[in-house]
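# Observations on the three-dimensional arrangement
Residues per chain are reported as follows:
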Amino acid sequence: MAKIARQHNIRLHIDGARIFNAAAALNVPVRELAADADSITFCLSKGLCAPVGSVIVGSRDFINKARRVRKSLGGGMRQAGILAAAGLVALREMTGRLVEDHANARRLAQGLATIPHVRVDLDRVRTNMVYFELTEDAPLNPEQLAERLKTEYNMLMRPYDPRRRNFRVVTHYYITREHVDLAVEAIRALLSEPVAAN
Ligand SMILES: Cc1ncc(COP(=O)(O)O)c(C=O)c1O
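Residues numbered from 1 in each chain as written. Predicted model: local features only at pLDDT ≥ 70, side-chain atom pairs only at ≥ 80, totals over all residues. Heavy atoms only, no water.

## Remarks on the sheet that holds strand E3 (residues 54–57)
This is how the line gets drawn: We treat two strands as partners when DSSP finds at least two bridges between them. Note on conventions: DSSP H or I runs of at least 4 residues are helices, E runs of at least 2 residues are strands, and numbering of each starts at the N terminus. Only the stretch in contact is used when a helix axis is fitted, and all axes are lines through C-alpha atoms; the angle between N-to-C directions ranges over 0 to 180 degrees.
The strand order across the open sheet formed by three strands is E1-E2-E3, and the pairing between neighbours is mixed. Edge strands, defined here as strands with exactly one partner in the open sheet, are strand E1 (13–15) and E3. Sheet twist, expressed as the mean angle between neighbouring strand axes with direction ignored, is 10 degrees. Both strand E2 (residues 39–43) and E3 contribute to a ladder of four bridges, which runs antiparallel. Across the sheet, Phe42 pairs through a bridge with Val55, a residue of E3.

## Observations concerning the site of the ligand
Stated formally: In this text, near means that some heavy atom of the residue lies within 4 Å of the molecule or strand in question. Think of a polar contact as two N or O atoms within 3.5 Å of one another; within protein, one of them needs to be a possible hydrogen donor and the other a possible acceptor, and neighboring residues in sequence only count if both atoms come from side chains. Accessibility throughout is a Shrake-Rupley quantity obtained with a 1.4 Å probe, and a residue counts as covered only by protein chains that appear here. Only Asp, Glu, Lys and Arg are considered charged in this grouping, and only Ala, Val, Leu, Ile, Met, Phe, Trp, Tyr, Cys and Pro are considered nonpolar; every other residue, Gly among them, is considered polar.
The environment of the ligand is formed by Asp15, Ala17, Cys43, Lys46 and Ser54. With respect to the ligand, the side chain of Asp15 contributes an N or O atom lying 2.7 Å from a nitrogen atom. With respect to the ligand, the side chain of Ser54 contributes an N or O atom lying 2.4 Å from an oxygen atom. Burial of the ligand by the surrounding chains reaches 38%, relative to a free accessible area of 400 Å². Here the shell around the ligand is composed, by residue class, of two nonpolar, one polar and two charged.

## Details of the domain arrangement of the chain
For clarity, the threshold we go by: Note that the domain bounds reflect an automated or database-derived domain assignment. A 1.4 Å probe defines the accessible area here, and the buried area is the portion of it lost by two parts on being joined, summed over both. Any carboxyl oxygen of Asp or Glu that lies within 4 Å of a side-chain nitrogen of Lys or Arg is treated as forming a salt bridge with it.
The domain boundaries assigned to the chain delineate domain 1 (2–96) and domain 2 (98–191). Look at where the C-alpha atoms of domain 1 and domain 2 centre, and you get two points 30 Å apart. The contact between domain 1 and domain 2 buries some 910 Å² in all, and 61% of this surface belongs to carbon and sulfur atoms. Connecting domain 1 to domain 2 are zero salt bridges. In this assembly, domain 1 and domain 2 are joined by three residue pairs in polar contact (both at pLDDT 80 or more). With five residues, helix H2 (residues 19–26) is the largest single contributor of residues to the side of domain 1 that touches domain 2. Looking at the side of domain 1 that touches domain 2, its residues break down into seven nonpolar, four polar and one charged.

## Observations regarding the environment of Ala66
Our working rule: The buried label applies to any residue whose accessible area, calculated with a 1.4 Å probe on protein chains only, is under 20% of its type's maximum; exposed applies above 50%, and partly exposed to all values in between.
With respect to the element layout, Ala66 can be found in helix H4 (residues 60–72). When its relative accessible area of 21% is taken as the criterion, Ala66 is described as partly exposed. For the pair Ala66 and Ile56, spaced 10 residues apart in sequence, the C-alpha to C-alpha distance is 8.5 Å.

## Looking at the packing of H2 against helix H6 (residues 98–112)
As a reminder of what qualifies: Reported orientations rely on four angle classes, namely roughly parallel under 35 degrees, roughly antiparallel over 145, roughly perpendicular from 65 to 115, and oblique for the rest. Two residues qualify as a contact provided that any one of their heavy atoms is within 4.5 Å of a heavy atom in the partner residue.
Close contact between H2 and H6 brings their axes to 9 Å; oriented N to C, the two are set at 75 degrees. As the angle between them shows, H2 and H6 are arranged roughly perpendicular. Contacts between H2 and H6 pair Phe20, Asn21, Ala24 and Ala25 from the former with Leu98, Val99 and His102 from the latter. Classifying every residue of the contact of H2 with H6 gives five nonpolar, two polar and no charged.

Right, here's the structure in full:
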């Protein structure tokens, strides 16, 4: 893409919201993924675990223009230091541990794959996200499963796409390997109940 963009004198921006997860999954430095771009944005929240914040990166001239645009759109913020502090923790301490989230996601997917009425495509689990579907003949639909997980296990899991009867589950710093195992066992228990006879 960078080559084509250059040939046509077009600048290339990367929406790298989750680029640190991508880099961890590909085992290459972010620097390498971003090398051919003129600018890039990435999120400090999501996998990197800061409560809020994104960073835009580019040439000095580009950043000066971006600052002006941000200000003119009402995006100025005076007390941003406290958010920047969390962002520094995100960059310094969270990027190196994303492989743990990825390993937990894989563990979750592998556990889910052993549960009757659950469909999960293990090939699609490459970072910290797991999509899984409930089959038509499952004793619970996704909404019912989510409700039971909430009330009986204090586990929050929101169905993702009702048409596909699926969930998107994301692992992160606060989700441990033990949580993953608990989730698998909770889902297994709820889906192995006999279907009500009506
Ligand atoms: C792919 C992608 N790009 C950009 C953003 C925007 O991030 P922010 O709202 O922090 O600017 C998000 C946030 O959800 C995202 O998922």
